[in-house]
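# Descriptive structure summary
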Amino acid sequence: MARISGIDLPKNKRGEIGLTYIFGIGRSTAVKILIENGISLDKKVQEWDDDDLNKIRKHITELITVEGELRSEKQLNIKRLMDIGCYRGLRHRKGLPVRGQRTRTNSRTRKGKRKTVAGKKKVTK
């Protein structure tokens, strides 16, 4: 079983796909890692020998921020934005979309379930 950065990689997938199971590694980064370490892209994870696995493990630990360290770095960046009070930080604080999307009709994912507000009553004479 291939275990890198605390993640069990699926055995029956190709190497470039298997590496994407690690948070912080996408397809292009996975391909780059395999090419730099001289491992075939067609090789499945179960076909990697100990030498290949050690090369990949060493490359990831030295050069790439992944998993818990990356998650905490992202949270610190968001916290910094909120602390300095910039527009993006305020949007994070209010739980609204940060990147300029419209909020009148969409953005239910960020805002949560609808909260119904009663309409204005008409005055009768």
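Basis of the calculations
Residues numbered from 1 in each chain as written. Predicted model: local features only at pLDDT ≥ 70, side-chain atom pairs only at ≥ 80, totals over all residues. Heavy atoms only, no water. Axes fitted to C-alpha atoms, helices over the stretch in contact; angles between N-to-C directions. Helix = DSSP H or I, 4+ residues; strand = E, 2+ residues; numbered from the N terminus. Parallel < 35°, antiparallel > 145°, perpendicular 65-115°, else oblique. Contact = heavy atoms within 4.5 Å. Nonpolar A, V, L, I, M, F, W, Y, C, P; charged D, E, K, R; others polar. Polar contact = N/O pair within 3.5 Å; in protein donor to acceptor, adjacent residues only side chain to side chain. Buried < 20%, exposed > 50% of the residue type's maximum accessible area, 1.4 Å probe, protein only. Arc of directions from axis to C-beta. Expected span 1.5 Å × (residues − 1).

Closest axis-to-axis distance for the helix 4 (residues 67–84)/helix 5 (residues 87–94) pair is 7 Å, and the angle between their directions is 105°. Classified by the angle their axes make, helix 4 and helix 5 are roughly perpendicular. Each of Ile78, Leu81, Met82 and Asp83 in helix 4 lies in contact with helix 5, whose residues at this interface are Arg88, Gly89, His92 and Arg93. When its residues are assigned to classes, the contact of helix 4 with helix 5 shows 3 nonpolar, 2 polar and 3 charged.

With that settled, the discussion passes to the side chain of His59. Tracing the backbone through its elements, the reader meets His59 in helix 3 (residues 50–63). A distance of 2.8 Å separates a polar atom in the side chain of His59 from a polar atom in the side chain of Glu36. His59 has contacts with Ile33, Glu36, Asn37 and Ile64, leaving out every residue within four places of it along the chain.

Glancing now at helix 2 (residues 27–36). Turning to helix 2, its buried residues are Ala30, Ile33 and Leu34. Buried residues of helix 2 fall within an arc of 95° about the axis and therefore sit on the same side. In helix 2, the exposed positions angled more than 90 degrees off the buried face are occupied by Ser28, Lys32, Ile35 and Glu36. The inward-facing, buried residues of helix 2 abut helix 1 (15–18) and helix 3. After helix 2 finishes, the residue Gly38 shows a positive phi value of roughly 70°.

Quick look at helix 4 now. A turn of α-helix holds 3.6 residues, and therefore any two residues three or four places apart point the same way. Its 18 residues place the ends of helix 4 26 Å apart at the C-alpha level, agreeing with the 26 Å of an ideal helix rising 1.5 Å per residue. By the burial criterion, the buried members of helix 4 are Glu67, Leu70 and Leu81. Axial view of helix 4: buried residues confined to an arc of 80°, hence all on one face. For helix 4, the exposed residues lying more than 90 degrees away from the buried face are Glu69, Gln75, Leu76, Asp83 and Ile84.

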